[in-house]
Amino acid sequence: MKNKKIVIVFLFIFMLVSVVMITHTRFKTEVKKQSREIRNTGRSLVKLVSLAYDRNLEKADKNYFFRELSYLVSEQDIAYLVIQDKQKPEPIISFFKEDVQEQIPQEIMLAALAGTGFQVQAFTTADAAGYLEFVKPVFKDGRPDVVVRLGMAQPSNRFFTLENFVLPLQVMVFILMALVSGYYWVFLLLKPFEKFISAAGPAPVPEKNQANVQAMVGELESFFTLIHDRLLTAERETHQLTAKVQVLDYENTQMFNIFNSLDFGVLMLDIRDTVFFINDYFLTLLGRDRQAILNQPVFDVLDQEELIAFIQQQNLMESGQNTTSLELAFPGGKPDQAFLVSFLSLTDPEGALFGRFIKVTDVSREKESERSRQEFINHIAHELRTPLTNIKAYNEMMMDGEISDLEMQKEFFNTINEETLRLDRLIQNILKLAETEINQLAVNKQMVKTDWLLESCMESIEAMSQEKNITIETRLPDNLPKISGDKEMLKAALINVLGNAVKYTPEFGRVTFSIRDNEGAVVFEIEDTGVGIDPRDLPHIFEKFYRSENDAVAEQTGSGLGLAIAAEIVKKHDGSIEVKSQLSQGSTFIVTLPKGNLQIG
Ligand code: ADP
């Protein structure tokens, strides 16, 4: 009998503990769910009210707005809603559903008035009720004008309340009653056999009764298993939820980092043109702070009228039609930087518009190359036109029969011939440049004998050097090394350098062409006793179309392309070209090319 009592007491305690545990798990999950819902609702409602509020509403509209607000407060779980001027403590509009007005701490109100963006603040009143206040400033002329404050009661975190325990206690009482009545039912069934039991000691329980008892124990077992399973499921769900939130958090951070590391600006707007994302690049261009821009209407935070007009114009277009772009400078960019703004409507898979994407790319480099392309074309046009005009003029004079003197005629023909050659040289140079630049002519690598290069170069300058009485001296090593490269290209490069040496050296001067074998490289040194190069010109002479303004240079015909081509060819062969010069003394050009490895006889 005593054992039975102990079992019942234990059973009772066990059930009580189970009830408390189950209730606690349910309570925790419920509180979390409610808090999340409150935050979501509060955030959406405060934004909605701040978007709808306009200080300058007409009277009729104002009444309508007030009515809608009071309806909203009464329908939703809102404790209070206050619209307040940033400068004054008296509210413009206030609705208090709960008795909390006097209990909102002063610092909560001050913080709400001081903030410039969306904020959420929590506070507890004297009677231990928790509240969340959602604050959103409304902007006017780019400044926060009024604030919308919306309070919502937090779910109570008091666990030991009657409310929490009503249902589990009912279940427990029911089970206890079932157990007690079951026990007495078994007891009554066994009553007729009591005297046999006492006479013959413990007798076997009739089979039917035994089955009933077993069924009852089985039911009890499955009931506890059910409770246990529910507990496990609730715990698993909580873990899964936490994991999902963490994954979402991580993904958000990753996206944020990716957008911030882009080398172009990104600004994303929601359907109401409020900024919901801006990356670091765009912020730098605007020279603004992220906090001052996020969650603000885009037209309030942008200064450039052109950009505002562009976005407004794109907004009016149907999604998918935004193909135009705008070229613009930004305050945070460098003075010579040019940017291209493009616009994209964001639509969901069903085609519904949910936001807009504005991209800003630095196009300075493209603009610069477009500018130099244009310059290049202008130069070529100019260089072609000069000799052609001369040829045309001399030719016309000859055709008109104006020149009867044979000597004069010869001179005219010579001039026409010279101009034709100049034209030919220019065209050859342009073609070479085009080939090397566009890379159409691949370097046809082969083993090039240095003596062949030397002979070809000497041949090409022979006539000019003889005409000017310039001595060409060669200094060569015992064994002329070989180079791996394109022989025609290398020949063109060296002729341009050697040709310049003769061209820019006055009569009776001297040009020395030496070749050195320098371990892994072959060094060509072309030294002249010519006009020399002004130190101001030195950094530019390898640029396309650059010619010194020095009179001694201007006297000679030239296009400013020879050295640019030579430098390009040398670069293609992994070599280098350098120059040392002194004005009126002479110049030395040093071309270094890697030696070839193959042995060709
Ligand atoms: P150009 O057709 O004018 O000779 P280049 O590209 O060959 O064009 O040379 C560019 C400029 O470099 C020349 O206009 C000249 O000012 C300078 N220059 C090149 N070689 C010499 C040199 N040997 N002596 C003096 N100036 C030179």
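As a starting point, this report considers the structure included with it. Bear in mind that the values here come from a model prediction, so they are computed numbers and not experimental data. (Residues numbered from 1 in each chain as written. Predicted model: local features only at pLDDT ≥ 70, side-chain atom pairs only at ≥ 80, totals over all residues. Heavy atoms only, no water.)

### Focus on helix H13 (residues 450–467)
With 18 residues, H13 ought to run about 26 Å at 1.5 Å a step, and its terminal C-alpha atoms sit 26 Å apart, in line with that. The axis of H13 is deflected most strongly, by about 45°, at Ile 461. Listing the buried residues of H13 in full gives Thr 450, Leu 453, Leu 454, Ser 456, Cys 457, Ile 461 and Ser 465. Structurally, H13 contributes buried residues whose contacts are with strand S11 (446–449), strand S12 (471–475), strand S13 (482–485), helix H14 (487–503), strand S14 (510–518) and strand S15 (521–528). In the segment just after H13, Asn 469 is the residue with positive phi, at about 55°. (Helix = DSSP H or I, 4+ residues; strand = E, 2+ residues; numbered from the N terminus. Expected span 1.5 Å × (residues − 1). Bend = angle between axes of the 7 residues up to and from the residue. Buried < 20%, exposed > 50% of the residue type's maximum accessible area, 1.4 Å probe, protein only. Contact = heavy atoms within 4.5 Å.)

### Some words on the sheet that holds strand S2 (residues 91–96)
Pairing in this open sheet of 5 strands is antiparallel, and the strands run S2-S1-S5-S4-S3 from one edge to the other. Edge strands, defined here as strands with exactly one partner in the open sheet, are S2 and strand S3 (119–124). Neighbouring strand axes in the sheet, compared pairwise and without regard to direction, differ in orientation by 20° on average. The pairing of strand S1 (residues 80–85) with strand S5 (residues 143–153) spans 6 bridges and is classified as antiparallel. Its bridge partner being in S5, Ile 83 is matched across the sheet by Val 148. The sheet strands contacting helix H3 (residues 106–114) are S1, S3, strand S4 (130–140) and S5, and the helix crosses S3 at an angle near 175°. (Pairing = 2+ DSSP bridges. Axes fitted to C-alpha atoms, helices over the stretch in contact; angles between N-to-C directions.)

### Structural notes on the side chain of His 573
Its place among the elements puts His 573 in the loop between helix H16 (562–572) and strand S16 (576–582). Here Asp 486 takes part through its backbone nitrogen, which lies 2.9 Å from a polar atom of the side chain of His 573. Setting aside its immediate chain neighbours within four residues, His 573 contacts Val 443, Ser 484, Gly 485, Asp 486, Met 489, Leu 490, Leu 593 and Pro 594. (Polar contact = N/O pair within 3.5 Å; in protein donor to acceptor, adjacent residues only side chain to side chain.)

### Some thoughts on a nonpolar patch on the surface
A contiguous nonpolar patch, built from Val 9, Phe 12, Ile 13, Leu 16, Val 17, Met 21 and Leu 169 and spanning about 580 Å² of accessible area, is present on the exposed surface. Here Leu 169 shows up in helix H4 (residues 162–190). Judged by its relative accessible area of 35%, Leu 169 falls in the partly exposed class. (Patch = residues over 30% accessible without salt bridge, like charges linked within 9 Å, V, L, I, M, F, W, Y side chains within 5 Å. Areas by Shrake-Rupley, 256 points an atom, 1.4 Å probe, with all protein chains shown as cover. Salt bridge = Lys/Arg side-chain N within 4 Å of Asp/Glu carboxyl O.)

### Thoughts on the site of the ligand
Around the ligand sit 21 residues, and of these Asn 500, Tyr 504, Arg 547, Ser 559 and Leu 563 come closest. Within the backbone of Ser 548, one N or O atom sits 3.2 Å away from an oxygen atom of the ligand. A distance of 2.8 Å is found between an oxygen atom of the ligand and a backbone nitrogen or oxygen belonging to Leu 563. Protein contact buries 98% of the 530 Å² of open area that the ligand shows by itself. Those elements that place two or more of their residues in the shell around the ligand are H14, H16 and strand S17 (586–594). Considering every element that reaches the shell around the ligand, the biggest residue donor is H14, with 3 residues. Residue composition of the shell around the ligand, by class: 10 nonpolar, 8 polar and 3 charged. (Near = heavy atom within 4 Å. Nonpolar A, V, L, I, M, F, W, Y, C, P; charged D, E, K, R; others polar.)

### Structural notes on the nonpolar core
The nonpolar side chains of soluble globular proteins are, as a tendency, buried together. Core analysis: the largest hydrophobic core is formed by 41 residues, its most contacted members being Phe 513, Phe 524 and Ile 526. Ranked by residues supplied to this core, first place goes to H14 with 9 residues. In terms of nonpolar packing, the next biggest core, distinct from the first, is built from 25 residues, Ile 293, Val 298, Leu 307 and Ile 311 among them. (Core = buried A, V, L, I, M, F, W, Y, C linked by side-chain atoms within 4.5 Å.)

### Topic: the sheet that holds S15
An order of S12-S14-S15-S17-S16 is seen for the 5 strands of this open sheet, with the pairing classed as mixed. Two strands close off the open sheet at either side, each with one partner strand: S12 and S16. Strand-to-strand, the axes of this sheet are offset by a mean angle of 15°, without reference to chain direction. Of the strand pairs in this sheet, S14 and S15 are connected by 8 bridges, and their pairing is antiparallel. Within S15, the position partnered with Asn 518 by the bridge is Ala 521.

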